[in-house]
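Inside the fold
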Amino acid sequence: MNTGKPRKGEKSMNTTVTVLGLGQMGSALARAFLAAGHTTTVWNRSAAKAGALVAEGAVRAESVREAVTASEVVVVCVTTYDDAHAVLGPVADALAGRTLVNLTSGSPEQARERAAWAAAHGADYLDGAIMTTPPGIGSSAFMLLCSGSPTAFAAHRDTLAALAAPVDLGADPALASLYDTALLGLMWASLSGWLHGAALTGSEEVPATRFTEVATRWMNAVGGFMTTYAPQIDAGRYPGDDATLDIHLATMDHLVHASEARGLDTGLPKLLRDVTARAVAAGHGRDGYAALIELVRAGGRA
Ligand SMILES: NC(=O)c1ccc[n+]([C@@H]2O[C@H](COP(=O)([O-])OP(=O)(O)OC[C@H]3O[C@@H](n4cnc5c(N)ncnc54)[C@H](OP(=O)(O)O)[C@@H]3O)[C@@H](O)[C@H]2O)c1
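Residues numbered from 1 in each chain as written. Predicted model: local features only at pLDDT ≥ 70, side-chain atom pairs only at ≥ 80, totals over all residues. Heavy atoms only, no water.

**Remarks on the confidence of the model for the chain**
Across the chain, the average pLDDT comes to 95, with 96% of residues at 70 or higher. Low pLDDT (under 50) marks residues 1-12, which in the prediction has 15 contacts with non-local residues, meaning those over four places away or in another chain. (pLDDT = per-residue confidence, 0-100. Contact = heavy atoms within 4.5 Å.)

**A word on the domain arrangement of the chain**
Under the domain assignment used here, the chain contains domain 1 (17-171) and domain 2 (203-297). Computed over C-alpha atoms, the centres of domain 1 and domain 2 are 39 Å apart. (Domains from an automatic or database assignment.)

**A word on the sheet that holds strand β2 (residues 39-43)**
Strand order in the open sheet formed by eight strands is β3-β2-β1-β4-β5-β6-β7-β8, with mixed pairing between adjacent strands. What marks the edges here is a single partner per strand, and that holds for β3 (59-60) and β8 (165-168). For β2 and β3, the ladder comprises two bridges, and the chain directions are parallel. Each residue of the ladder has a partner; that of Val-42, found in β3, is Arg-60. Here helix α5 (residues 108-120) sits on the sheet in contact with β5 (99-102) and β6 (124-130), set at roughly 150° to β6. (Pairing = 2+ DSSP bridges. Helix = DSSP H or I, 4+ residues; strand = E, 2+ residues; numbered from the N terminus. Axes fitted to C-alpha atoms, helices over the stretch in contact; angles between N-to-C directions.)

**So, the packing of aromatic side chains**
Inspection of every chain in the model, using the stated rule, returns one aromatic pair. Judged by centre distance (5.7 Å) and plane angle (75°), the ring pair of Trp-218 and Phe-225 falls under edge-to-face. (Phe/Tyr/Trp six-rings, centres within 6.5 Å; stacked < 30°, edge-to-face > 60°.)

**Some thoughts on a nonpolar patch on the surface**
A surface patch of nonpolar side chains, amounting to about 510 Å² of accessible area, comprises Met-187, Trp-188, Leu-191, Trp-194 and Leu-195. Along the chain, Met-187 turns up in helix α7 (residues 174-202). (Patch = residues over 30% accessible without salt bridge, like charges linked within 9 Å, V, L, I, M, F, W, Y side chains within 5 Å. Areas by Shrake-Rupley, 256 points an atom, 1.4 Å probe, with all protein chains shown as cover. Salt bridge = Lys/Arg side-chain N within 4 Å of Asp/Glu carboxyl O.)

**Remarks on the packing of helix α4 (residues 81-88) against α5**
One way to put it is that α4 packs onto α5 with a least axis distance of 11 Å and a crossing angle of 15°. The pairing of α4 with α5 is recorded here as roughly parallel in orientation. Read as a crossing pair, α4 and α5 show a hand that is left-handed. Residues Tyr-81, His-85 and Leu-88 of α4 form the contact with α5, whose own contacting residues are Gln-110, Ala-111, Arg-114 and Trp-117. (Parallel < 35°, antiparallel > 145°, perpendicular 65-115°, else oblique. Left-handed = near helix turned anticlockwise from the far one by under 90°.)

**Here's the deal with the site of the ligand**
The full set close to the ligand counts 20 residues, and Met-25, Asn-44, Ser-46, Lys-49 and Ser-105 are the nearest of them. Here an oxygen atom of the ligand and a backbone polar atom of Leu-22 are 3.2 Å apart. Between Gly-23 and the ligand, the recorded distance is 3.1 Å, taken from a backbone N or O atom to an oxygen atom. Contact with the protein chains hides 75% of the accessible area of the ligand, taken as 900 Å² for the molecule alone. Of all the elements in the fold, those that place two or more residues in the shell around the ligand are α1 (24-35) and α4. Among the residues forming the shell around the ligand, the class breakdown is seven nonpolar, 10 polar and three charged. (Near = heavy atom within 4 Å. Polar contact = N/O pair within 3.5 Å; in protein donor to acceptor, adjacent residues only side chain to side chain. Nonpolar A, V, L, I, M, F, W, Y, C, P; charged D, E, K, R; others polar.)

**Some points on the pairing of β5**
A two-sided burial pattern is seen for β5, the buried positions comprising Thr-99 and Val-101 on one face and Leu-100 and Asn-102 on the other. Summarising the sheet, strand β4 (residues 73-76) and β5 pair through four bridges and their orientation is parallel. Within the sheet, the bridge partner assigned to Val-73 lies in β5 and is Thr-99. In this fold, β4 hands off to α4, which returns the chain to β5; that crossover is right-handed. Both β5 and β6 contribute to a ladder of four bridges, which runs parallel. Note that in β6 the partner of Leu-100 across the bridge is Tyr-125. Note on the crossover from β5 through α5 to β6: the handedness is right-handed. (Buried < 20%, exposed > 50% of the residue type's maximum accessible area, 1.4 Å probe, protein only. Right-handed = clockwise from strand over helix to strand, strands pointing away.)

**Observations regarding the pattern of salt bridges**
One pass over the full model with this rule turns up 10 salt bridges. With its nearest N and O atoms 3.0 Å apart, the salt bridge here joins Arg-65 to Asp-93. In this pair, Arg-65 sits in helix α3 (residues 64-69) while Asp-93 sits in the loop between α4 and β5, placing the two residues 28 residues apart along the sequence. The class of Arg-65 is partly exposed, set by a relative accessible area of 36%. The exposed category is assigned to Asp-93, whose relative accessible area is 51%. A salt bridge links Arg-286 to Asp-246, with the nearest nitrogen and oxygen atoms 3.6 Å apart. Here Arg-286, found in the loop between α10 (267-284) and α11 (293-297), pairs with Asp-246, found in helix α9 (residues 245-261); they are 40 residues apart in sequence, far enough to count as distant. We classify Asp-246 as partly exposed; its relative accessible area is 30%.

Rendered as structure tokens:
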């Protein structure tokens, strides 16, 4: 009988993996495990969604309990942590001795709570954040952020590499969600800035594709600024030796005015300018851009 548990000392290339939740992301995960040659058991609340994967070689589980007991690694990817708990709560006893990998999006606090719950039921727990959309699954160009049990990560790193490049963030299970939230914030801020730029240049008939050729090159430079400023943040000193906040503030005025003159939404430009103006008013005018983190940390107060 296949208990889904590895025999002692066994290190197999073929890991038994279960995927619970076959929405857009869960289906992509199951497909990537299959493509990597892992024995993949699947379960979904709406059973019909398993059909295509079964045709591709996955094993259909008729119940959550059957799905959990089939594999050494149990991946759950449903809408919310509450949904994941609704699925796994009734079969908690079946998790003992297995590794639960939670790829459902949630908050850092929820991740810590789930890790404690899993430990109380004898399971190793990894929390993960998938830093791509379903079409990117299976490519090492994208990251799978992982945090939680170091033994689980060491044991299953290679298996998880079928999904994306695993990044070990450490033993605190909250860290994957924390990084995920921070990185999504970075993505939204960047994409909103890019959209504003596309609207601004588009107002003068520049196609978004042309603007984007230049914008993506600029993003490489912006990444370089981040690398320069990060040690300043760690040191708590922000020398304005490349560009001062006074200079940034004057340039932000141009963005506001150019946007106003073209009838564009000025919400984002004014937000950037107002935050910088508050920092300058508080005496940071001769500091560099990274000094703005002081306002962020102080709840927006300079
Ligand atoms: N899509 C992305 O690009 C992406 C990227 C990174 C992370 N994620 C995360 O991955 C997770 C899944 O996203 P998705 O895009 O796959 O969403 P989705 O296509 O809407 O699928 C949601 C899945 O959750 C299941 N589900 C929801 N509530 C449930 C419950 N109470 N009990 C049992 N199953 C339940 C659904 O089952 P039914 O089929 O029965 O409704 C379905 O399998 C989310 O946490 C999302 O934030 C998604």
